[in-house]
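Listed here are the chains, written in short residue letters.
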Amino acid sequence: MATITFLGAAQEVTGSCHLLEVPGVGRMLLDCGMHQGGDAVKRIQDEEFAFDPATIDAVILSHAHLDHSGLLPRLVHEGFVGRIICTRATAELLDIMLNDSAGLYLRDLERANIRSARRGHPQIDPIYTMADVESALGQCDGHAYNRQIDLGENASVCFHDAGHILGSAIVEITVREQEKEKVLVFSGDLGKGDSVLMNEPARLSKADVLLVESTYGDREHRGEQDTVVQLREILKETWKVGGSVMIPAFAVGRTQDLLFHLGCLHYEGELDNWEIFLDSPMAIAVTRVYDRWLKLLDGDDVRALSDVHKTSLETFLPVLNLTTSTEESMAINRIKGGAIVIAGSGMCTGGRIRHHFKQRIWDRRNTVIFTGYQARGTLGRVIVDGAKAIKMFGEEYVVKARVETLGGLSAHAGQGQLVDWVGGFTPPPRTFLVHGEAGAQDAMADKLWRERQLKVEIPARGQSIVF
Ligand SMILES: [Zn+2]
Ligand SMILES: [Zn+2]
């Protein structure tokens, strides 16, 4: 009998982590993600494992996003020595993601410690260090899609393309117990099919137990083509009033989608006179990994790149300025209007976007464009929810800039696609909704019942099931 314990992304979106225990095979984690939102130092300090990391035999990682991978260095720091099994592209992205995340955390912690020292408060030791990041990367074991990878004698895992970000996988685990096979499928995060660069999520049909994400279980997205029309309109209107555009960038996926769309607009002559900046060393590094793995991406879109004799996202948009140094980033401040600035972080929890907000969010001529999900507790969510003023760097800033969301650029499947994907399994497996807020999960459960007569369960954090 195998057991799954839901330890994170249970009735919430971030912190994906499930413990799978299979007698004779071992204890495995599906993802080891961190929570997002709130004060980063405090949050990371507060994260606690509900198990002893030294007793975990392997981690099976669905994709590189931090809400699925961010606690790997801490896991290693606390004694995990096993393999981190993932796709090869995920392993390459992890190198960038974990180094960036640990760097930010250690910098923030150092600042917090200086503040504490001034007040005579005790110092906080880091929960993990760069050495742990190095070890975690060394434990990564990268594989291609559609190959059976042994997990000892009685179990194997196979990754299928989830179409969410580069390297993202649907995880299929087969367990053999007394001549009987049982299959667990974990969707990871599912893409929305029509997004540029990404393939449609693979459709699987056999499972005994299914863990499926439900981020957008309560809503549909606009089609990607509508989104391009929307983007073009927003740019035109902002140009007319002499404003600039700030785009909080998710370094992985959305940034590359945006570069692709902006490239298309450029070749249509829509971007003449704009100055465009990718103001994120991390997004620049990730774009280069995408360029190395173009063969994994959607063939039609990649052909569109080469049709204009460009085989790289970086060069597809010739008017793009890559700003790596802080000085270059600050120089953008001198541009009065007509700048498009793509800067991290995607949920505005840190990074250079906050500095651009400081310069421009209080001016009604400017526009902020969100391109993806804003988790509860993040600055991005506060702005999307219509705050009249925000607090950053200990000061208050009024929000006068126009705020728009390009829902069609989401990296996640919408409600209809999720329901369709779950409906592809016959006979219906025992199904659990994870990675979604309660409202979205209820809506999705309701839809699955009304349209497909499928009953699903919504596990609470800490709950275990046996199969
Ligand atoms: Zn993701
Ligand atoms: Zn996720």
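Just above, that's the structure.
What you are looking at is a predicted structure, and each value in this text was computed from that prediction instead of being measured.

Rules used throughout
- Residues numbered from 1 in each chain as written.
- Chains lettered and ligands numbered in written order.
- Predicted model: local features only at pLDDT ≥ 70, side-chain atom pairs only at ≥ 80, totals over all residues.
- Heavy atoms only, no water.
- Pairing = 2+ DSSP bridges.
- Helix = DSSP H or I, 4+ residues; strand = E, 2+ residues; numbered from the N terminus.
- Axes fitted to C-alpha atoms, helices over the stretch in contact; angles between N-to-C directions.
- Donors = N, O, S within 2.8 Å, 3.2 Å for Na, K, Ca; no water.
- Tetrahedral: all angles 85-135°; square planar, octahedral: opposite > 155°, others 65-115°.
- Buried < 20%, exposed > 50% of the residue type's maximum accessible area, 1.4 Å probe, protein only.
- Phe/Tyr/Trp six-rings, centres within 6.5 Å; stacked < 30°, edge-to-face > 60°.
- Lys NZ or Arg CZ within 6 Å of the ring centre and 35° of its normal.
- Contact = heavy atoms within 4.5 Å.
- Core = buried A, V, L, I, M, F, W, Y, C linked by side-chain atoms within 4.5 Å.

**Q** Which residues make up the sheet that holds strand E19 (residues 402-405), and what values do they have?
**A** Sheet architecture is open: 6 strands sit in the order E14-E13-E15-E12-E16-E19, paired in parallel fashion. Looking at which strands have only one partner, the edges of the open sheet turn out to be strand E14 (320-322) and E19. Averaged over all pairs of adjacent strands, the angle between their axes in this sheet comes to 20°, without regard to strand direction. In terms of strand pairing, strand E13 (residues 275-278) meets E14 through 3 bridges, oriented parallel. Pairing of phenylalanine 277 across the sheet is with asparagine 321, part of E14.

**Q** Let's hear about the coordination of the zinc ion (ligand 1): which residues, and what values?
**A** Each protein donor to the zinc ion (ligand 1) is listed here as His63 (NE2), His65 (ND1), His164 (NE2) and Asp189 (OD); together their distances run 2.2 to 2.4 Å. Around the zinc ion (ligand 1), the 4 donor atoms sit at angles spanning 92 to 166°, and that spread fits a shape best called irregular. In primary sequence terms, the donor set of the zinc ion (ligand 1) follows H-x1-H-x98-H-x24-D. Separating the zinc ion (ligand 1) from the zinc ion (ligand 2) is a gap of 3.4 Å, which aspartate 189 spans by donating to each of them. Taken together, the residues span a long stretch of sequence, with histidine 63 in the loop between strand E4 (58-60) and helix H2 (66-69) and aspartate 189 in the loop between strand E10 (180-186) and strand E11 (209-213) at a distance of 126 residues. As far as burial versus exposure is concerned, histidine 63 and aspartate 189 are alike and both buried.

**Q** Explain the coordination of the zinc ion (ligand 2) residue by residue, including any values.
**A** The protein atoms donating to the zinc ion (ligand 2) are Asp67 (OD), His68 (NE2), Asp189 (OD) and His435 (NE2), with metal-donor distances spanning 2.1 to 2.4 Å. Around the zinc ion (ligand 2) sit 4 donor atoms; with metal-centred angles ranging over 90 to 165°, the donor geometry is irregular. Sequence spacing among the residues donating to the zinc ion (ligand 2) works out to D-H-x120-D-x245-H.

**Q** Describe the packing of aromatic side chains, and please don't skip the residues or the numbers.
**A** With the rule as written, the count across this model stands at 8 aromatic pairs. Look at phenylalanine 6 and phenylalanine 432: their rings are 5.3 Å apart centre to centre, the planes differ by 45°, and that puts the pair in the tilted class. Residue phenylalanine 6 is found in strand E1 (residues 3-8), and its partner phenylalanine 432 is found in strand E20 (residues 430-434); the two are separated by 426 residues along the sequence. With a centroid separation of 5.1 Å and an interplanar angle of 55°, the aromatic rings of tryptophan 239 and tryptophan 274 are classed as tilted. With a gap of 35 residues between them, tryptophan 239 in helix H6 (residues 224-240) and tryptophan 274 in the loop between helix H7 (254-267) and E13 connect regions that are remote in the sequence. Here tryptophan 239 falls in the partly exposed class, since its relative accessible area comes to 39%. Joined through ring pairs, the aromatic side chains of Phe260, Tyr267 and Phe316 make up one cluster. Between the NZ or CZ atom of arginine 254 and the centre of the ring of phenylalanine 250, over which it lies, the distance is 4.2 Å. For the cation-ring pair, lysine 455 lies above tryptophan 449, with the distance from its terminal atom to the ring centre recorded as 5.0 Å.

**Q** Go over the sheet that holds E10, please, and point to the residues and values.
**A** With mixed pairing, the 7 strands of this open sheet are ordered in space as E7-E8-E9-E10-E11-E20-E21. Looking at the sheet topology across the chains shown, the edges are occupied by strand E7 (148-150) and strand E21 (456-457). Two strands pair when backbone bridges link them, and strand E8 (residues 155-161) and strand E9 (residues 169-177) are joined in this way by 7 bridges, in the antiparallel orientation. Bridged to alanine 155 within E9 is valine 175. Against the sheet, helix H14 (residues 415-423) engages E9, E10, E11 and E20, with an angle of about 170° to E11. In the packing of helix H15 (residues 438-452) onto the sheet, the strands contacted are E11, E20 and E21, and the crossing angle to E20 comes to about 150°.

**Q** Describe the nonpolar core, naming the residues involved and giving the relevant values.
**A** The biggest cluster of nonpolar side chains holds 80 residues, and the ones touching the most others in it are Leu29, Leu72, Leu75, Leu235, Leu262, Leu271 and Tyr290. Setting aside chain neighbours within four positions, we find leucine 29 in contact with Cys17, His18, Leu19, Phe51, Ile56, Ala58, Val59, Ile60 and Leu75. Ranked by size, the runner-up nonpolar core spans 29 residues in total, among them Val22, Ile60, Val434 and Ile465.

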